[in-house]
Amino acid sequence: MSELFSDIFQKLGDLFDIKLLDLGNTTVTPKLLVSLLIWLILISFIIGLVKRFLKRHLLVGIDANNREAIATLVSYVVGVITIFIAIQYTGINLSSLGIILGGLGVGIGFGLQHIADDFISGLILLFERTLKVNDLIELDDYRFQGLVGRIVEVNLRSTIIRTLDDGDVVIPNSELINNRVLNWSHRTSIARLKIPVGVSYDSDPILVTELLLKSAYMEPAVCDKPMPKAMFLAFGEDSLQFELWVWIDVHKRFDIQSSLHFAIEYNLRQYNIEIAFPQRDVWIRNLAPQGLGDMRPPFFNRQIAFEHHRPAIPKQTTLKDMLRQVSYFANFSDLEIRQLIEIGHRQRSQTGTTLFHEGDAGNSFYILLEGKIDILAEKLNRHLATLEPGQFFGEVALLLGVPRTAMARVAEDALLFVINQPSFSDLLRRYPDLSNQVVQAMAQHRDELAQRQREMRALNLVDSSEDDANPVIWARKRLKRMFDL
């Protein structure tokens, strides 16, 4: 039996030693081919092992993009070195590889040109780093049907993109180099999101602007800078066409977009503003029967109208109404009020928060939308008033930059509409006529201005260049100096 097994192994050994062909000084046998196959499997395993080790252990302190590039390059260098070791170990003469390399050159020129292109493109991606791991990209190619996803891995031949549905798509690197790719997070992950909204023609555009901005500030994930904007784009066929512009982290784009849709629909419904839909008026005209002349039954000429009715909702106080209650803005037109609404922002403050102290520089104007605010005489430790929603404070401090005469503390979780000095200053520089409106309003508050002037003089805060016996002239000069008009 042992002799039988010995003969079998001897014949198998002879079979593996059969010469298939000669490459230079190297004889190619089945044993050599099997040995090369085992080495290739081992080299692939070593490359993957080195790459994972570098990414998960050795390069942990480096950012994801550099970690991916370094790990890929080092693993492939190790792979090339291992290949040369395998060639030497199997006994292949390197000089005989000239024939193989010559053949590969022809193959690369024809059948392998796409693979070579992918490898070169992979090197470009790794060194240029225009597309990096964790970048959110969108492919502008009909073959990929507007594929949107996040890069999870960049290899020498291909890039793996994880779609929004959590599926992994392998894209050849040449496709990313040769086609247009929209990288939403190349320099920063903050990008603009546009929400189109069409409202019926009987809607108040100023109120729509207010409600769109209100919806933006209701979403915590919307960035404060740049500030949200409500743009009136066009008079559409069936609607007034607006767009809400907000800046967000693009990785949360679809969640935020859905949340804003809910908020916009809710706020428009609260004020009975109808989201427009296509409407058609159908007229049916029938000619009168012969002999009847102009005598036509009522049903011969009737209008069929399809209308969508909503239950009447009680009128609510809007931000536009609140701004008009401020005497300095009472004579502003609707367009000027809209500009005030656009430069302001909404601020949430928790109970116990101090908005400002007595004596602080006055650089903001507030309208209380929700909650309660206590106004206190800080030095006298005396409660002066409690403000309710709809009331405002700080308008004189905004216009004249005078110190606060009292402290404001949040008595109940509050939502405030705030216009600060830099935003108001930018508005007055862009629209000089607004400053004339403010000055005219100041002339109607001579006594209040005189009191403020005396307080400023007592604190040695009145500049000699702006001081004047007439408090209105003093206020006009101070306004121009403060806002660089």
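Given the structure is predicted, the values throughout are model-derived calculations rather than measurements.

Criteria and thresholds
- Residues numbered from 1 in each chain as written.
- Predicted model: local features only at pLDDT ≥ 70, side-chain atom pairs only at ≥ 80, totals over all residues.
- Heavy atoms only, no water.
- Phe/Tyr/Trp six-rings, centres within 6.5 Å; stacked < 30°, edge-to-face > 60°.
- Helix = DSSP H or I, 4+ residues; strand = E, 2+ residues; numbered from the N terminus.
- Buried < 20%, exposed > 50% of the residue type's maximum accessible area, 1.4 Å probe, protein only.
- Salt bridge = Lys/Arg side-chain N within 4 Å of Asp/Glu carboxyl O.
- Pairing = 2+ DSSP bridges.
- Axes fitted to C-alpha atoms, helices over the stretch in contact; angles between N-to-C directions.

Under the counting rule described, the total for this entry stands at nine aromatic pairs. For the pair Phe 232 and Phe 242, a centre-to-centre distance of 4.6 Å together with 15° between the ring planes defines the contact as stacked. Taken together, the residues span a long stretch of sequence, with Phe 232 in strand E9 (residues 229-235) and Phe 242 in strand E10 (residues 240-249) at a distance of ten residues. Judged by relative accessible area, which is 2%, Phe 242 ranks as buried. Between the aromatic rings of Phe 329 and Phe 332, the centroid separation amounts to 5.3 Å while the plane-to-plane angle is 50°, which identifies the pairing as tilted. Like Phe 332, Phe 329 is buried.

Where charged atoms from two side chains of opposite charge come close, those side chains can pair. The final tally for this structure, using the stated rule, is seven salt bridges. Among the ionic pairs, Asp 135 bridges to Lys 132, the shortest N-O distance being 3.6 Å. Note on Asp 135: relative accessible area 4%, which makes it buried. Ionic pairing is found between Arg 162 and Asp 168, a salt bridge with its closest N-O pair at 2.7 Å.

The strand order across the open sheet built from five strands is E6-E5-E4-E3-E7, with neighbouring strands paired in antiparallel fashion. Here the strands that pair on one side only, and so sit at the sheet edges, are strand E6 (168-172) and strand E7 (181-183). If you compare each strand with its neighbour and ignore which way they point, the axes differ by 40° on average. Judged from the five bridges that link them, strand E4 (residues 148-154) and strand E5 (residues 158-163) form a sheet pairing that is antiparallel. Bridge assignment links Gly 149 to a residue of E5, and that residue is Thr 163.

Attention now goes to the sheet that holds E10. The antiparallel open sheet is built from three strands, whose spatial order is E8-E10-E9. The strands lining the two open edges of the sheet, one partner per strand, are strand E8 (190-199) and E9. Going across the sheet, the axis of each strand differs from the next one's by a mean of 25°, ignoring polarity. One ladder, built from ten bridges, connects E8 with E10; its direction is antiparallel.

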